[in-house]
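Listed below are the residues making up each chain.
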Amino acid sequence: QVQLVESGGGLVQAGDSLRLSCAASGRTFSSYSMGWFRQAPGKEREFVAAISWSGGRRIYADSVKGRFTISRDNAKNTMYLQMNSLTPEDTAVYYCALTSRNRGAVSGVADYDSWGQGTQVTVSS
């Protein structure tokens, strides 16, 4: 089993930046693709960004493209989400996820089989 722990969330103002981290343990991190999702109150969990096992392929939701950057450091077993130009619409609990079934970057919630506990990001206007 793999354990995923997110950190880096917080309360910021519109236009600010945050960097989320996801530390993985319990599996060979570098073998698996990873992703970030978010869930706002009363809404379904939605895809934010994903990165392939090697980091060579990255995909983003249209709503964050150009503002967010996903990356990973396989030597540190850690994935990151750099979030710039935050808006109140980005307010949500952010989750990192790992897929043991895909080597490429994938965007479906059902594609992932391990999840972190989430970290709250709140953007005030």
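Every chain's residues receive numbers from 1 upward, in the order its sequence appears when written. Where local features are concerned, this predicted model is filtered to residues with pLDDT of at least 70; where side-chain atom pairs are given and counted, the filter is 80 or more; whole-chain, interface and lining totals use all residues. Calculation of side-chain values draws on the structure's entire complement of heavy atoms; hydrogens and water are dropped beforehand.

Asker: Could you give me a rundown of the side chain of Thr-119, with the residues and numbers involved?
Answerer: Position of Thr-119 among the secondary structure elements: in strand S11 (residues 119-124). Working rule for contacts: check all heavy atoms of both residues, and any pair within 4.5 Å makes them a contact. Discounting chain neighbours no more than four positions away, the residues touching Thr-119 are Glu-6, Ser-7, Gly-8, Gly-9, Leu-20, Ala-92, Val-93 and Tyr-94. Numbering of helices and strands runs from the N terminus, with a helix taken as a DSSP run of H or I at least four residues long and a strand as a DSSP run of E at least two residues long.

Asker: Tell me about the pattern of salt bridges, and please be specific about residues and values.
Answerer: Every case where a carboxyl oxygen of Asp or Glu lies within 4 Å of a side-chain nitrogen of Lys or Arg is listed as a salt bridge. Enumeration according to the criterion identifies 5 salt bridges in this entry. With its nearest N and O atoms 3.3 Å apart, the salt bridge here joins Asp-113 to Arg-101. You can see Asp-113 sitting in the loop between strand S9 (92-99) and strand S10 (114-115) and its partner Arg-101 sitting in the loop between S9 and S10, a full 12 residues away along the chain. Burial classes follow relative accessibility: with a 1.4 Å probe on protein chains only, a residue under 20% of its type's maximum area counts as buried, one over 50% as exposed, and anything between as partly exposed. Here Asp-113 falls in the partly exposed class, since its relative accessible area comes to 32%. Here the salt bridges share partners, and the residues they tie into one network are Arg-38, Glu-46, Arg-67 and Asp-90.

The values are spatial; any link to function lies outside them.
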